[in-house]
Amino acid sequence: MTDAADALSVAAAGLRAQSARMRIIAENIANANSTAETPGGDPYRRQMPVFEAELDRATGLETVRMSRATPDMSEFRLEYEPGHPAANEDGYVRYPNVQTLVELMDMREAQRSYEANLNMVESSKRMMERALDLLRR
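About the criteria used
- Residues numbered from 1 in each chain as written.
- Predicted model: local features only at pLDDT ≥ 70, side-chain atom pairs only at ≥ 80, totals over all residues.
- Heavy atoms only, no water.
- Helix = DSSP H or I, 4+ residues; strand = E, 2+ residues; numbered from the N terminus.
- Contact = heavy atoms within 4.5 Å.
- Salt bridge = Lys/Arg side-chain N within 4 Å of Asp/Glu carboxyl O.
- Buried < 20%, exposed > 50% of the residue type's maximum accessible area, 1.4 Å probe, protein only.
- Pairing = 2+ DSSP bridges.

## A closer look at the environment of Ala-110
Then, number 1: By the element assignment, Ala-110 lies in helix α2 (residues 100-136).
Then, number 2: Counting along the chain gives 25 residues from Ala-110 to Leu-135, while the straight-line C-alpha distance between them is 38 Å.
Then, number 3: Ignoring anything within four residues of it in the chain, the contact list for Ala-110 reads Gln-18, Arg-21, Met-22 and Ile-25.

## Things to note about the pattern of salt bridges
Once their charged atoms are close, side chains differing in charge can pair, the charge on each being opposite to the other.
Then, number 1: With the rule as written, the count across this model stands at 9 salt bridges.
Then, number 2: Between Glu-52 and Arg-65 there is a salt bridge, with its nearest N and O atoms 2.7 Å apart. Of the two residues, Glu-52 sits in strand β1 (residues 47-56) while Arg-65 sits in strand β2 (residues 61-71), which places them 13 residues apart along the sequence.
Then, number 3: If you follow the salt bridges from partner to partner, you end up with Arg-46, Asp-72, Glu-103 and Asp-106 in one network.

## A few points about the pairing of strand β4 (residues 92-95)
Then, number 1: Residues Val-93 and Tyr-95 point to one face of β4 and are all buried, whereas Tyr-92 and Arg-94, pointing to the other face, are not buried.
Then, number 2: Pairing geometry for strand β3 (residues 77-80) and β4, over 4 bridges, is antiparallel. Bridge pairing links Tyr-80 to Tyr-92 in β4.

## With respect to the side chain of Asp-72
Then, number 1: Mapping Asp-72 onto the fold places it in the loop between β2 and β3.
Then, number 2: Once you skip the residues sitting within four places of it in the chain, Asp-72 turns out to touch Arg-45, Arg-46, Met-48 and Asn-97.

Next comes the structure, spelled out in structure tokens:
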């Protein structure tokens, strides 16, 4: 039964990591068109999740976790909007370096990974239930 419990532990870590990834992506999408609060200031900067291996002390297995989010240092998008309150002295507004299509693709990938881990949890649960059924006979 240890193998099923180990699989459950690894899948649970994967669920937590992908859930954290989806939160970062959702934040990026939510801020895709935000501007700076002051004229010529910097708007929201896209965040990227950073994953790292982590040793699960209870099982001795190596799992994954999102350790932090780092800012994407690519250039901001500039649009000429001289009447905008956040426009600089040349009339350009800085918009976040978030590309919504890229974020949506990342979200879909994270969702599929989340679903794969969820399927592993369900499979492990069924295997443990089956093993208990066999032991009861």
